[in-house]
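Structural overview for review
Listed below, chain by chain, are the residues.
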Amino acid sequence: MDLRIFTEPQQGATYGTLLTVAKATEDLGFDAFFRSDHYLRMGSSDGLPGPTDAWITLAGLARETRRIRLGTLMTAGTFRLPGVLAIQVAQVDQMSGGRVELGLGAGWFEEEHKAYGIPFPKEKFDRLEEQLAIVTGLWGTEPGATFTHDGTYYQLVDSPALPKPAQAKVPVLIGGHGAKRTPRLAARYADEFNIPFASIEDCERQFGRVRAAAEQAGRRGDDLVYSNALVVCVGRDEAEIKRRAAAIGRDVDELRVNGLAGSPAEVVDKIGRYGAIGSSRIYLQVLDLDDLDHLELISAQVQSQL
């Protein structure tokens, strides 16, 4: 079971804070540092000092870290043209020495689009499907050949399909709760399928749909990595658990039901139950980025037992 650190910087974080957390992620033996791709805070947070761009952040971290994987859950397809995104991700992959992974989703948070003048089209899922075809097509085009795409939403003509990533294959993550189109899209394009903030029962059903779609598409169900994203709140005792829950504005009982909360032993047990249904990777949503002791505790008493 891989444990990855997953941050939500739109809630309020500087690049310096993210760098500190990423270095702690590396030093403490976690597998990867991922971040959301949002430009507007959610809920009651003031979001200060303001948003940071996901791929600019990862470019900086690519030069400041050496081992951990770096990526997004999920890059919003509404934010970037697919040809530009392919260039950005390839460049950051080169800067990192081949440690980048691309989570790509349709985009959903309409208010942030309004706040920053970003178009919010109705056909987001159809556009996502074309974006995946273009990004993977550009990377997969042989050097010296060109790439053309004549789609409904995007047209590329004789693209040189450059630059190439450092990796022969940048892992692509697709995720979500959709029962039909999402599994089909994952079966066609994904190296990893991620389901965020879902119960063990819902995850088991969705993993089954993706496995079935993969087999229907001519792949083995086990060709994909299956993963979860869950909020984390671990404490040495009940008082510490409650303090950490209060710091992120959540109720302990709710977190125990919907996330990974409680003592290290409780969290290890629940991770094991996700593992039993096929998950091999957990993205720990860390919401208090100033609490590095939390990461140290998870590393010492949760990760060490997996």
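Note: the structure precedes this text.
Below is a summary of the structure that appears in this document. Being a predicted model, the structure only gives us computed values, none of them experimental. (Residues numbered from 1 in each chain as written. Predicted model: local features only at pLDDT ≥ 70, side-chain atom pairs only at ≥ 80, totals over all residues. Heavy atoms only, no water.)

**Considerations on the nonpolar core**
Operational definition: Within this scheme, the nonpolar core is defined by two criteria: the residues are buried Ala, Val, Leu, Ile, Met, Phe, Trp, Tyr or Cys, and they are joined through side-chain atoms within 4.5 Å. Each residue's exposure class comes from its accessible area (1.4 Å probe, protein chains only) as a fraction of the maximum for that residue type: buried when under 20%, exposed when over 50%, partly exposed otherwise. Residue contacts are counted whenever heavy atoms from the two residues lie within 4.5 Å of one another.
Counting residues in each nonpolar core, the largest one holds 72 residues, and the members touching the most others are Trp55, Leu102, Trp139 and Leu284. The residues touching tryptophan 139, leaving out its near neighbours within four places in the chain, are Ala86, Val89, Ala90, Leu102, Pro163, Lys164, Pro165, Val170 and Val172. Ile241, Ala245, Val252 and Ala261 belong to the second-largest nonpolar core, a separate cluster that totals eight residues.

**Remarks on the side chain of serine 279**
We count it as follows: Counting from the N terminus, the helices are the DSSP runs of H or I reaching at least four residues and the strands are the DSSP runs of E reaching at least two. Throughout this description, a polar contact denotes any pair of N or O atoms lying within 3.5 Å of each other; where both atoms belong to protein, one of them has to be capable of donating a hydrogen while the other can accept it, and for residues adjacent in sequence the pair is counted only when both atoms sit in side chains.
Within the element layout of this structure, serine 279 appears in the loop between helix H10 (264-276) and strand E12 (281-286). Here the side chain of serine 279 touches asparagine 228 through a polar contact of 2.8 Å, side chain to side chain. Contacts of serine 279, omitting those with residues within four sequence positions, involve Met1, Phe207, Tyr226, Ser227, Asn228 and Tyr274.

**Some remarks on the side chain of arginine 4**
Locating arginine 4 in the fold gives a position in strand E1 (residues 2-7). We classify arginine 4 as buried; its relative accessible area is 1%. Once residues lying within four places of it in the same chain are set aside, the contact partners of arginine 4 are Asp31, Ala32, Phe34, Arg69, Glu101, Glu192, Arg281, Ile282, Tyr283 and Leu284.

**Details of the pairing of E12**
Worth spelling out the cut-off: Strand pairing is defined by DSSP finding a minimum of two bridges between the two strands.
Across the six residues of E12, six count as buried, placing the element largely inside the fold. Here E12 shows two buried faces, one formed by Arg281, Tyr283 and Gln285 and the other by Ile282, Leu284 and Val286. Examined bridge by bridge, E1 and E12 share six bridges and lie parallel to one another. Paired with phenylalanine 6 across the two strands is glutamine 285, which belongs to E12. As defined by bridge partners, strand E10 (residues 225-234) adjoins E12 across five bridges and the pair is classed as parallel. Note that in E12 the partner of serine 227 across the bridge is arginine 281.

**Things to note about the environment of valine 135**
Along the chain, valine 135 falls in helix H5 (residues 124-140). On the basis of relative accessibility, which here comes to 2%, the residue valine 135 falls in the buried class. Considering only alpha carbons, one finds valine 135 and leucine 284, 149 residues apart in sequence, at a separation of 27 Å.

**Remarks on the environment of glutamine 91**
Within the fold, glutamine 91 resides in helix H3 (residues 82-96). It is 8.3 Å that separates the C-alpha atoms of glutamine 91 and alanine 166, two residues lying 75 residues apart in sequence.

**Brief notes about the pattern of salt bridges**
Test applied: Think of a salt bridge as a Lys or Arg side-chain nitrogen and an Asp or Glu carboxyl oxygen that are within 4 Å of each other.
What the rule picks out here adds up to 27 salt bridges. Residue arginine 188 pairs with glutamate 129 through a salt bridge whose shortest N-O separation is 4.0 Å. Of the two residues, arginine 188 is situated in helix H6 (residues 181-189) and glutamate 129 in helix H5; the sequence distance between them amounts to 59 residues. Here glutamate 129 falls in the buried class, since its relative accessible area comes to 17%. For arginine 244, the salt bridge goes to aspartate 291, with nearest N and O atoms at 2.5 Å. Of this pair, arginine 244 sits in helix H8 (residues 238-247) while aspartate 291 sits in the loop between E12 and helix H11 (292-301); the two residues are 47 residues apart in sequence, bridging distant segments of the chain. The class of arginine 244 is buried, set by a relative accessible area of 4%. When salt bridges with common partners are traced through the structure, they connect Arg236, Glu240, Arg243, Arg244, Asp291 and Asp293 into a single cluster.

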